[in-house]
Amino acid sequence: MTHTYKTKGVCSRAIEFEITEDNKVHNVHFEGGCSGNTQGVAALVEGMDANEAIRRMEGIHCGPRPTSCPDQLSAALREALKSAQ
């Protein structure tokens, strides 16, 4: 199932991604943000268990900001997993 998450407090505006029935993350695409960094994050989480991705990215800051694109992806994954229950 494809999910879209509107980000908060970062340069990217939204994140689109899929989570399969076995909780694997696929096809992550950030709208806006630092292209190289967001492509790197998307490539690193491809095929990863959603809970493991959340564990690894949650709480990452971007400079003085209290969040980051990886942190926002963890929030998006957490929200998608909650809605699937």
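Reading guide: rules and limits
- Residues numbered from 1 in each chain as written.
- Predicted model: local features only at pLDDT ≥ 70, side-chain atom pairs only at ≥ 80, totals over all residues.
- Heavy atoms only, no water.
- Helix = DSSP H or I, 4+ residues; strand = E, 2+ residues; numbered from the N terminus.
- Rg over C-alpha atoms; globule rule 2.2 N^0.38 Å.
- Buried < 20%, exposed > 50% of the residue type's maximum accessible area, 1.4 Å probe, protein only.
- Contact = heavy atoms within 4.5 Å.
- Areas by Shrake-Rupley, 256 points an atom, 1.4 Å probe, with all protein chains shown as cover.
- Lys, Arg positive; Asp, Glu negative; His and termini not counted.
- Charge placed at Lys NZ, Arg CZ, Asp CG, Glu CD.
- Pairing = 2+ DSSP bridges.
- Axes fitted to C-alpha atoms, helices over the stretch in contact; angles between N-to-C directions.

Undergrad: Please explain the overall build of the protein chain as it appears in this structure.
TA: When its secondary structure is counted, the protein chain shows three helices and three strands. Going from N to C terminus, the protein chain has its helices and strands arranged as β-β-β-α-α-α. The C-alpha atoms of the protein chain give 12 Å as radius of gyration, which agrees with the globular expectation for 85 residues (12 Å, within 12%). The principal-axis extent of the C-alpha atoms belonging to the protein chain is close to 35 × 20 × 20 Å. Out of the 85 residues in the protein chain, the part that is buried amounts to 39%. Pairs at least 24 residues apart make up 39% of the contacts formed inside the protein chain by residues separated by at least 6 positions. Counting only carbon and sulfur atoms, one obtains 51% of the accessible surface of the protein chain, whose full area is about 5,100 Å². Charge-centre separation for the protein chain: the mean point of 9 positive side chains lies 7 Å from the mean point of 11 negative side chains.

Undergrad: Even after reading the chapter, I still don't get unusual backbone geometry, so can you show me in this structure?
TA: Negative phi is the rule for most residues except glycine; trans is the rule for most peptide bonds. In this structure, Asn23 is a non-glycine residue whose phi angle is positive, near 65°. By secondary structure assignment, the location of Asn23 is in the loop between strand E2 (12-19) and strand E3 (25-32). The residue Asn27 is not glycine, and still its phi comes out positive at about 55°. By the secondary structure assignment, Asn27 is in strand E3.

Undergrad: Explanation requested: the pairing of strand E1 (residues 2-6) in the structure shown.
TA: Taken residue by residue, a regular strand's side chains alternate between the two faces of the sheet. Here E1 shows one buried face, formed by His3 and Tyr5, and one open face, formed by Thr2, Thr4 and Lys6. In this structure, E1 lies alongside E2, joined through five bridges in antiparallel fashion. Its bridge partner being in E2, Thr4 is matched across the sheet by Glu16. The turn linking E1 back onto E2 is made up of five residues, and Gly9 within it adopts a positive phi angle of 80°.

Undergrad: Even after reading the chapter, I still don't get the sheet that holds E3, so can you show me in this structure?
TA: Working definition: the strands of a sheet are paired by backbone hydrogen bonds and lie parallel or antiparallel to each other. What the three strands build is an open sheet, ordered E1-E2-E3; its pairing is antiparallel. Because the sheet does not close on itself, it has two edges, and the strands there are E1 and E3. On average, each strand axis in the sheet is inclined to that of its neighbour by 15°, with strand direction left out of account.

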